[in-house]
Amino acid sequence: MSSPATGGEVLTEIVLAGPRGFCAGVERAIEIVERALAVAGGPIYVRREIVHNRHVVEALRKKGAIFVEELDEVPAGATVIFSAHGVSPAVREEATARGLRVIDATCPLVTKVHIEAIRYAREGYTIVLVGHEDHDEVIGTTGEAPERIVVIDSVKEAERLEVDDPTKVAYLTQTTLSVDDTRAIIEVLRRRFPRITGPSRDDICYATQNRQAAVKELGAEVDLVLVLGAANSSNAARLREVAAAVGTRAHLINDVRDIQHEWIDGVRRVGVTAGASTPEFLVREVVAFLESRGTPAVRELNVVEEDVRFALPHELLAIARQAGKQATPSA
Ligand code: SF4
């Protein structure tokens, strides 16, 4: 962290972390809802928040999407979209039983973790899933093999964990965890279960890793970090923690209205970043607010370039074909 500012100093610089904001999985999920609204006849239901950001959800609601918590709120035969966080097999089975037309917006990197869980379960492993048990993604992954998966989220739990056969243990991780905390947990698991197996790298996704790497550098250069994101967004919450871990004051905010003026008083450099489900316009609003507090320079701190894109799901393309429309805009 740079040297602390004193009360009389004014804001001289706004530093924007790069990458920040939307990841490829979130962009794809939002695009799926928008395209479904454009091509499918009839209402489009979305189970749970498509991504954890109320600005995104509200914008899609205004365009016509109907958000529900559970499938029993969706009329039989209607079209429903599963969120980017993924669902358990039980939810898929319920959709089939109710004759729902499903479009799956699960991020392909979450699907990869489901496939790993299925494989380890089939091979008879106890699967230690490092993650937050109340998060939609972990609930979905656990549903692949509930009798085989145990969820932990701390070094303490890793130390205490007991399994039937310590020689047959595998681990998986939620995609949006803290890289550093997860490494510490996996180290304990490796010490306690030397024959533990896992993915070649942990499952923390590229977007989470890159945003954390960027906020780490950002935190070292500024006096205050503002992280835009929802409190229930795992990756946004981790960004605040990573910034705080380098010794910088850091706040998680939904939008510009959450900024408290005393946070900025006497601060020379403010860093801004955004979670993977936070739209860029919220960053621009914060920058405009900070600019109104003086004449700070605005600088981009680009740590990694990203060019990841995921294809749209085949079921959306099939629905568009049926309707005689294109699921993607013509070039
Ligand atoms: S944060 Fe990672 S896993 Fe989650 S939607 Fe984005 S790319 Fe996919």
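Residues numbered from 1 in each chain as written. Predicted model: local features only at pLDDT ≥ 70, side-chain atom pairs only at ≥ 80, totals over all residues. Heavy atoms only, no water.

The five strands lie next to each other as 10-9-11-1-12, forming an open sheet whose pairing is parallel. Of all strands in the sheet, those bounded by a partner on one side alone are strand 10 (249-253) and strand 12 (297-302). Looking at each pair of strands side by side, their axes are set apart by 25° on average, direction ignored. Of the strand pairs in this sheet, strand 9 (residues 224-228) and strand 10 are connected by five bridges, and their pairing is parallel. By the bridge assignment, Val227 is partnered in strand 10 with Leu252. Strands strand 1 (13-18), strand 9, strand 11 (269-274) and strand 12 of the sheet are contacted by helix 8 (residues 206-221), whose axis makes an angle of about 170° with strand 11. Against the sheet, helix 9 (residues 234-245) engages strand 9, strand 10 and strand 11, with an angle of about 170° to strand 10. (Pairing = 2+ DSSP bridges. Helix = DSSP H or I, 4+ residues; strand = E, 2+ residues; numbered from the N terminus. Axes fitted to C-alpha atoms, helices over the stretch in contact; angles between N-to-C directions. Contact = heavy atoms within 4.5 Å.)

This part covers helix 11 (residues 280-291). The end-to-end C-alpha separation of helix 11 is 17 Å, in line with the 16 Å expected for 12 residues at 1.5 Å each. Every buried residue of helix 11 is accounted for by Leu282, Val283, Val286, Val287, Phe289 and Leu290. In a view along the axis of helix 11, the buried residues occupy a sector of 160°, so they form one face of it. (Expected span 1.5 Å × (residues − 1). Buried < 20%, exposed > 50% of the residue type's maximum accessible area, 1.4 Å probe, protein only. Arc of directions from axis to C-beta.)

Right, let's talk about the site of the ligand for a bit. Around the ligand sit Cys23, Gly25, Cys107, Leu109, Thr175, Thr176, Cys205 and Tyr206, and that is every residue in its neighbourhood. Residue composition of the shell around the ligand, grouped by class: five nonpolar, three polar and no charged. (Near = heavy atom within 4 Å. Nonpolar A, V, L, I, M, F, W, Y, C, P; charged D, E, K, R; others polar.)

So, about the sheet that holds strand 3 (residues 66-68). Taken in spatial order, the four strands of this open sheet run 3-2-4-5, and their pairing is parallel. The sheet is open, and its two borders are formed by strand 3 and strand 5 (101-104), each paired with just one other strand. Neighbouring strand axes in the sheet, compared pairwise and without regard to direction, differ in orientation by 30° on average. Here four bridges tie strand 2 (residues 44-47) to strand 4 (residues 79-82), and the two strands are oriented parallel to one another. Bridge assignment links Ile44 to a residue of strand 4, and that residue is Thr79. Set on the sheet, helix 1 (residues 24-39) makes contact with strand 2, strand 4 and strand 5; between it and strand 5 the angle comes to about 145°. Against the sheet, helix 3 (residues 89-97) contacts strand 2, strand 4 and strand 5, and its axis sits at roughly 175° relative to strand 4.

What follows covers the side chain of Asn53. Inspection of the secondary structure puts Asn53 in the loop between strand 2 and helix 2 (54-62). Aside from chain neighbours lying at most four places away, what touches Asn53 is Ala230, Ser277, Thr278, Pro279 and Leu282.

It is worth spelling out empty space enclosed by the protein at this point. All chains considered together, the criterion is met by one cavity of 30 Å³ or more. The space that makes up the largest cavity amounts to roughly 290 Å³. Cys23, Val26, His85, Thr175 and Thr176 are the residues nearest the centre of the largest cavity, which is lined by 25 residues in total. Looking at the lining of the largest cavity, the elements with two or more residues in it are helix 1, helix 4 (108-122), helix 8 and helix 9. (1 Å grid on protein atoms, 1.4 Å probe; cavity = no way out; pocket = protein on both sides within 12 Å on 5 of 7 lines; lining within 4 Å. Points joined across faces, edges and corners; volume = space filled by probe spheres on them.)

Here we take up the environment of His55. One can find His55 in helix 2. Judged by its relative accessible area of 17%, His55 is buried. Counting along the chain gives 224 residues from His55 to Pro279, while the straight-line C-alpha distance between them is 7.8 Å. Among residues more than four places away in sequence, those in contact with His55 are Asn254, Asp255, Arg257, Pro279, Phe281 and Leu282. A polar contact is formed between the side chain of His55 and the side chain of Asp255, at a distance of 3.3 Å. (Polar contact = N/O pair within 3.5 Å; in protein donor to acceptor, adjacent residues only side chain to side chain.)

In this section: the confidence of the model for the protein. Predicted coordinates in regions of low pLDDT should not be interpreted in detail. Scored by pLDDT, the protein has a mean of 94; 96% of the residues are at 70 or more. Counted against residues more than four places away or in other chains, residues 1-6, with its pLDDT under 50, gives 18 contacts. (pLDDT = per-residue confidence, 0-100.)

All right, on to the nonpolar core then. Within the largest apolar cluster, 30 residues are counted, with the highest numbers of intra-cluster contacts made by Ile50, Leu60, Ile81 and Leu316. Elements supplying a minimum of two residues to this core: helix 1, strand 2, helix 2 and helix 12 (314-322). With residues up to four places along the chain from it excluded, the contact list for Leu316 reads Ile32, Arg35, Ala36, Val39, Ile103 and Ala327. Membership of the second largest hydrophobic core comes to 21 residues, among which are Ile264, Val267, Leu282 and Val283. (Core = buried A, V, L, I, M, F, W, Y, C linked by side-chain atoms within 4.5 Å.)

We now examine the packing of aromatic side chains. One pass over the full model with this rule turns up one aromatic pair. Centre to centre, the rings of Tyr120 and Tyr125 are 5.4 Å apart; their planes meet at 75°, and the pair counts as edge-to-face. The class of Tyr120 is buried, set by a relative accessible area of 3%. You can call Tyr125 buried: its relative accessible area is 15%. Looking at Arg119, its charged tip hangs above the ring of Tyr120, at a distance of 4.7 Å from the centre. (Phe/Tyr/Trp six-rings, centres within 6.5 Å; stacked < 30°, edge-to-face > 60°. Lys NZ or Arg CZ within 6 Å of the ring centre and 35° of its normal.)

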